[in-house]
Amino acid sequence: MNRKGLIAVLALAAAVIIAGGIYMMSRPAVSAGEKHIIVEVIGPEGASEEFTYDTDEEYLRGVLEPAGLISGDESEYGMYVKTVAGYTADEANQEWWYITKGGEELNTGVDTTPVTDGDHFEITLTVGW
């Protein structure tokens, strides 16, 4: 391998290590141990229902799917939530489920949203892309 090729390979390796380090430092923290959370489902016509869970799970899907609150399809990004509390979003009507935490937008899906004690999540039926 020539000198330029070696430098390129080393630069690429350094970039991968740096990107991995940044991800590890900025990823959402998980919390071990028992946690008490509230999940508010806001469905059709704005009807609201709260569900409370005591769990040792670290991520939101691990709480909601076994409890039967959510179901959906697998994608390359994790679960695409289609049904919440027995109501299936109708994609033909541009319906989809929007998940927030304490009213704030999440940048993670149910598979990667960490759960900590005292969290309050909202799952809202939303219309329109």
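Residues numbered from 1 in each chain as written. Predicted model: local features only at pLDDT ≥ 70, side-chain atom pairs only at ≥ 80, totals over all residues. Heavy atoms only, no water.

Draft legend 1. Local environment of unusual backbone geometry. Phi is positive for Glu45, which is not a glycine, with a value near 65 degrees. The phi dihedral of Ala85 falls on the positive side, at around 50 degrees, and the residue is not glycine. A relative accessible area of 40% means that Ala85 is categorised as partly exposed. (Buried < 20%, exposed > 50% of the residue type's maximum accessible area, 1.4 Å probe, protein only.)

Draft legend 2. Expanded view of the packing of aromatic side chains. All told, the structure shown has 2 aromatic pairs when counted by the stated rule. Where Tyr87 meets Trp97, the ring centres are 6.2 Å apart and the plane angle is 85 degrees; that geometry is what we call edge-to-face. Here Tyr87 is found in strand 5 (residues 87–88), whereas its partner Trp97 is found in strand 6 (residues 95–101), with 10 residues between them in sequence. (Phe/Tyr/Trp six-rings, centres within 6.5 Å; stacked < 30°, edge-to-face > 60°. Helix = DSSP H or I, 4+ residues; strand = E, 2+ residues; numbered from the N terminus.)

Function cannot be inferred from these measures alone, as they are strictly geometric.
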